[in-house]
Amino acid sequence: LFSINHRIVGLWYFGAATFFLLVGFLLMLLMRWQLAWPTSPLPPSLAAFVGDMNAPGGYMAPEFYNQLVAMHGTVMIFLAVVPLLTGAFGNYLVPGHIGARTLAFPRLSALSFWIFLAAGVLMLLGFFVEGGAANSGWTSYPPLAVIATRGQSLWLVGIFLLGVSAMLNAINIITTIVQLRAPGMALMRLPFFVWAQLVAALLLLLAFPALQAAGLLQLLDRIVGTSFFMPTGLIVSGIPLEGYSGGGNPLLWQHLFWFLGHPEVYVLILPAIGIVAEIISAHTGRPLWGYRGMVASVLFLGAMSMIVWAHHMFLTGMGTSLGTFFQITTMIISIPSVVLITSLVLSLWGGSIRFTPPMLFALAFLPMFGIGGLSGLPLGLAASDVILHDTWYVVGHFHFLVAPGTVFAIFAGIYFWFPAVTGRALHHRLGQVHFWGSLITMTGIFLPMFTLGLRGVNRRLYDAGMQYAHAQGTLGIQEHMTWMAVALGVAQLPFILNIVITLRRPRRPDEELVIADVESAVGGGREAALGSAIPYAYAPRDDSRVTNVRLGTWLFLASEAMFFGSLFSAYVLLRTGASSWPPMDQWLGAGEALLLTTLLAAAPLALLLRRAKSLSRDGPVQAPGAMPLWLSTFAGLAFVTILWWLLWWRYTANVARGLHPADNIAAACWMVLTGALALHVAGGVMASVWTALAGRQPFEDTRAAGVARSAAASGERLRALTLYWLFLNLVWIASVVSFSL
Amino acid sequence: MDCQRRVIFTLSVCPICFDSAGALTDGARAGAAVLALVALVVIGGLARFASRLR
């Protein structure tokens, strides 16, 4: 259960994400039922399943429909497709693809899985709390999300945990690819699949913290009553909203959300293209056409995806100047996508193509991705987006990318690597039935959505628009789409049957060879996955000149920088929009600021001085003593205590002056920045204590290698800790300086 | 008028970057310069790191 073997963790990811995929599918069937027959009650069995509260008298409540919409999107994107691509395929396949025996940080991969699972369960638990699950869409736009029922808080905690899980997994995948490549596996010889995984991991690492920061702020809005996203004078259902002081900005959420949201769609699509590329190459017997161009494209795509986010926000009145910028970047980002698809199509040219099930799915991916991508162009241009925004057209566009696009790539990957994982090949004929059934039904579901959208039907109407004249002609189409969705479910039966039959049948003679290899790899156990078996854990790699720990630390700090950067940009945006801003001495006097700065600076300085001393000494390297670590611990503890005491001490006086975080946006900004920093300092204190205690005995795997190795290992830990403390100093100084301005 | 401007402020980020004449504000210029500098340093560091990988 606590295995840290990358293949086993990959399989766990696969199992859990497939379960979530099924949950997402069932949520979709409920939605589709409602859309097809909005005036009829649910069938008795379904009505009993969803309960009388969600479907009074068998008729689905609109509130429940909203929960289905929000949770279908959340489950499919965050809990099913991304974990399948990066968690399952990434963990399982990346080491083998680069000639490595394990991941760089085997424990991290297991940890990221368990956090992911906890987040998923937490989000789904929302269905059982008062008011049901989150019901504000997967985008959770405030102000409605802030005043939504309790399930939204669970959603926010879940999304924060998912960010942690994604960060750990991303650090692991990137470090593995950079550090653990076998000799001769040069960057430009990496399989394209690995490049795609690398870029996807980078995107998750750098983009997710923005949503974590936003989630934290929304949680504070909901629980503490701050107004980060709540504008002044908000009126809900004709009644002025009480309990919020206002001064916030709902658009702030949209910016932070889509700063993750758009890179996230490339996390959904790039690994899928990687899978398809590998399968096409294997089934044509040729190398990929234009490999170098594809690598350049995927890197360019990754970088560009960070600066297109506001094309989701053309309707916010952002003005033509900003709009033009985001339209141009959006048009530019379509170029590398076309390069990728063109290269894949040209890779087919002159190949001896075998139409096995994985190849069928991979081939179908190409036009489906093409339809999804091309239908996105009108949405990337403000003039046409104004008309198409929030219609079924958008739903059709992104489903073509993700459902017959990414999900087909996942199916292709399952058929393709099933023999390598289980030592048995899936049945071809059943696979073909599965493919054609899925292709026809998926097209049947998603193609009509464009028609609905072009006719102007809004996407989130729980009665499918039956109250509107312009939607009357589309109600029959809704019914057709629902039958197609049911048929899609039926079309998965051959697939499930195929897996069950294949796993139960005896192995064929030609399969015995494969399984011997797989079992020896999986059976490696804990020792093989840990410690000295991992190269460059403590000694730097020749070309990168860093150890795994150091690279991992830098990646972690990059992610942290994005997190605090997001909090800072929220602060800047809110401050620019505020009519007045209290001076700094309301929170912190000059003397106090100096004291706190000195204390926090002492933490890394103690470690740096110790390091300088050990470097200047001649003779063999020795494990550094624990004294500097205790000093850092003490400095950090003192910092947190004094900061907390000062805040508390001022609290009463500030409340009287109207500077409670719930009353004043400046107080809220100060609270969240210093609070997040204080929590990080507390984390640093714990890490220092742990390092000091762990440094007292040699590592399990270094006993044989002697003291020098142990010293190198604790040296790495000290260095990582020093970097972390220095980073916290930067954040603190930036907070104090920017609040003093 | 001020009230109206406030509403626009609250609803859009645009006024941070652009004044009413549509020109870039000083704050936006300074911010863009700092961001560009940071981006250059980060990209430069990354490129240096990547170029020594074999």
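Located above this text is the structure these notes cover.
Now for the overall build of chain B. Each helix and strand in chain B was counted, giving three helices and zero strands. Its helices and strands in sequence order give chain B the pattern α-α-α, from N to C terminus. A buried classification covers 19% of the 54 residues belonging to chain B. Just so you have it, chain B exposes about 4000 Å², and 72% of that area is on carbon and sulfur atoms.

Time to look at the overall build of chain A. Assigned secondary structure in chain A consists of 23 helices and two strands. For chain A, the C-alpha radius of gyration of 27 Å lies close to 27 Å, the compact-globule estimate for 741 residues. Reported as C-alpha extents along the three principal axes, the dimensions of chain A are approximately 75 × 70 × 50 Å. Across chain A, contacts joining residues at least 24 apart in sequence account for 81% of those joining residues at least 6 apart. Here chain A displays about 29900 Å² of accessible surface, and carbon together with sulfur accounts for 71% of that area. When the 36 basic and 27 acidic side-chain charges of chain A are each reduced to a single mean position, those positions are 10 Å apart.

Bringing a nonpolar patch on the surface into the picture now. Residue and element names in this part refer to chain A. Taken together, Trp483, Val486, Val490, Leu493, Ile496 and Val500 make up a surface patch of nonpolar side chains, about 560 Å² in accessible area. Going through the elements one at a time, helix H15 (475-491) and helix H16 (493-504) are the ones with two or more residues in the nonpolar patch. Locating Val500 in the fold gives a position in helix H16. According to the relative accessible area criterion, Val500 is partly exposed, its value standing at 42%.

Right, let's talk about helix H22 (residues 665-694) of chain A for a bit. If you check H22(A), its first and last C-alpha atoms are 43 Å apart, about what 30 residues at 1.5 Å a residue would give, namely 44 Å. If you check the start of H22(A), you find a side-chain oxygen 2.7 Å away from the backbone N of A:Ala666, and it comes from A:Asn664.

It is worth spelling out the nonpolar core at this point. With 237 residues, the main nonpolar core has A:Phe192, A:Phe228, A:Leu270 and A:Phe365 as its most contacted residues. Once you skip the residues sitting within four places of it in the chain, A:Phe228 turns out to touch A:Leu217, A:Leu220, A:Asp221, A:Gly248, A:Asn249, A:Leu252, A:Leu574, A:Ile665, A:Ala668, A:Cys669 and A:Val672.

Each α-helix winds once per 3.6 residues, and so residues spaced three or four apart point in a common direction. Residue and element names in this part refer to chain A. Of all bends in helix H13 (residues 392-422), the biggest is about 40°, found at His399. In terms of burial, H13 is largely enclosed, as 26 of its 31 residues are buried. Looking one or two places after H13, you find Gly423, whose phi comes out positive at around 80°.

Tracing the backbone shows A:Asp543 in the loop between helix H18 (525-529) and helix H19 (548-577). In this structure A:Asp543 comes out as buried when scored by relative accessible area, which is 5%. Those residues in contact with A:Asp543 that sit more than four places away from it in its chain are A:Arg181, B:Arg52, B:Leu53 and B:Arg54.

Reading guide: rules and limits
- Residues numbered from 1 in each chain as written.
- Chains lettered and ligands numbered in written order.
- Predicted model: local features only at pLDDT ≥ 70, side-chain atom pairs only at ≥ 80, totals over all residues.
- Heavy atoms only, no water.
- Helix = DSSP H or I, 4+ residues; strand = E, 2+ residues; numbered from the N terminus.
- Buried < 20%, exposed > 50% of the residue type's maximum accessible area, 1.4 Å probe, protein only.
- Areas by Shrake-Rupley, 256 points an atom, 1.4 Å probe, with all protein chains shown as cover.
- Rg over C-alpha atoms; globule rule 2.2 N^0.38 Å.
- Contact = heavy atoms within 4.5 Å.
- Lys, Arg positive; Asp, Glu negative; His and termini not counted.
- Charge placed at Lys NZ, Arg CZ, Asp CG, Glu CD.
- Patch = residues over 30% accessible without salt bridge, like charges linked within 9 Å, V, L, I, M, F, W, Y side chains within 5 Å.
- Salt bridge = Lys/Arg side-chain N within 4 Å of Asp/Glu carboxyl O.
- Expected span 1.5 Å × (residues − 1).
- Polar contact = N/O pair within 3.5 Å; in protein donor to acceptor, adjacent residues only side chain to side chain.
- Core = buried A, V, L, I, M, F, W, Y, C linked by side-chain atoms within 4.5 Å.
- Bend = angle between axes of the 7 residues up to and from the residue.

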